[in-house]
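Chain by chain, the residues:
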Amino acid sequence: MSDATVFSRSQQLVFEMPVTRIDAENLLQKMLYAIGEQLSYNKIILGHIKVLARVSTEDDYLFLSITRLDCVDVKPSPNWLRASTSTINGMELDINVLVFGYSLSTVEKVVNAALRLF
Amino acid sequence: MRILLFGGFLGSGKTSTILQVAKQITETRKETVALIENEIGEAGVDDQLFAGSGIEVRPLFGGCVCCQISSDLVTAVTEIRSTINPDWLIVEMTGLAVPGNVARFIRQYDASRSKLRTITIVDAGRWVELKEVLEPLIISQVKESDLVIVNKTDLAGSDICDIIKDVRAIVGQVPILTASATKPFPLALLEEVFNLE
């Protein structure tokens, strides 16, 4: 198989209405699954998909990754965890996809479709 | 300064392993540690996970230390020794790097001849598929390791004995330890990581 496709993007999201961090986390998990589903082989990812979701204050972030479709790994920062029921107006996403077997244009298309969940 | 090189395929659990190893260094061994974090892609994601861990982190972006920016790695190692000089330097390679190549490169160009150990993390949950599709890369990552940690054994099910047999065939007599993604690493495993003698 040829080289891995590397896709990185930083994306600012602004919500029409404030959402709780719990709801944002659920949406992010769905987003990762949606990307993973389209880029999987035999229900695993031949690479990794990682997203860092940050809100404006320091050390307030959620890290998500997926390497197999049955599990989205979620690691919240202590500040995110502490404020889990409070609402946010938006967040900055750093999306990093490294995957074998798919072209850059395919990965880009899949990520763009997944971002429409927001 | 002793060097621990961590390698293994994308998503195998290198960052989580390093966080546990670093905690062991600072909290139990009462020693100091610095980290060189090599990520592919313009947006660094993993380095955020080390924020607040008390580890001095030097990110290396723009390519893989294995092939594209290997001289940057040697520069970073030299700089860390001359400025911080920690007891331990951890290098997290990208998930595409071949650890044996990086170890050879450091041994060749690091003038101080630091003691060095190469630890490769194997993702037991994806071993079968990864080996099926990416065999040359997967084997080259495991080969020439000083220690292999077969991680995520809880996701491998009944395949685990076959996976260990596969890895044993590649590495010969090199120690192979197992770990679960859901539990903290046992103390014996962490201590084996530091075994540079």
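Residues numbered from 1 in each chain as written. Chains lettered and ligands numbered in written order. Predicted model: local features only at pLDDT ≥ 70, side-chain atom pairs only at ≥ 80, totals over all residues. Heavy atoms only, no water.

### Structural notes on the pattern of salt bridges
At step 1: Counted according to the given criterion, the structure contains 14 salt bridges over all chains.
At step 2: Between Lys-75 of chain A and Asp-73 of chain A there is a salt bridge, with its nearest N and O atoms 3.0 Å apart.
At step 3: The class of Lys-75 of chain A is partly exposed, set by a relative accessible area of 26%.
At step 4: Arg-104 of chain B is paired through a salt bridge with Glu-144 of chain B; the nearest N and O atoms lie 2.4 Å apart. In this pair, Arg-104 of chain B sits in helix α3 (residues 99–109) while Glu-144 of chain B sits in the loop between α4 (127–142) and β6 (147–151), placing the two residues 40 residues apart along the sequence. (Salt bridge = Lys/Arg side-chain N within 4 Å of Asp/Glu carboxyl O. Buried < 20%, exposed > 50% of the residue type's maximum accessible area, 1.4 Å probe, protein only. Helix = DSSP H or I, 4+ residues; strand = E, 2+ residues; numbered from the N terminus.)

### Looking at the side chain of Asp-123 of chain B
All names here are of chain B.
At step 1: By the element assignment, Asp-123 lies in strand β5 (residues 116–123).
At step 2: Residue classification places Asp-123 among the buried positions, given a relative accessible area of 5%.
At step 3: A distance of 2.7 Å separates the side chain of Asp-123 from the side chain of Arg-126, its partner in a polar contact. (Polar contact = N/O pair within 3.5 Å; in protein donor to acceptor, adjacent residues only side chain to side chain.)

### Things to note about the environment of Val-19 of chain A
Residue and element names in this part refer to chain A.
At step 1: On the secondary structure map, Val-19 appears in strand β1 (residues 5–20).
At step 2: For the pair Val-19 and Lys-30, spaced eleven residues apart in sequence, the C-alpha separation works out to 15 Å.
At step 3: Here Val-19 is in contact with Ala-24, Ser-86, Thr-87 and Ile-88, once residues within four sequence places are set aside. (Contact = heavy atoms within 4.5 Å.)

### Examining the pairing of strand β4 (residues 88–92) of chain B
Residue and element names in this part refer to chain B.
At step 1: In terms of residue burial, β4 counts as a mostly covered element, since five of its five residues are buried.
At step 2: Burial along β4 is two-sided: Trp-88, Ile-90 and Glu-92 facing one way and Leu-89 and Val-91 facing the other are all buried.
At step 3: Relative to β4, strand β1 (residues 2–7) runs parallel, the two sharing five bridges. When the bridges of β4 are listed, Leu-5 appears paired with Val-91.
At step 4: As defined by bridge partners, strand β2 (residues 33–38) adjoins β4 across five bridges and the pair is classed as parallel. Of the residues in β4, the one forming a bridge with Ile-36 is Val-91. (Pairing = 2+ DSSP bridges.)

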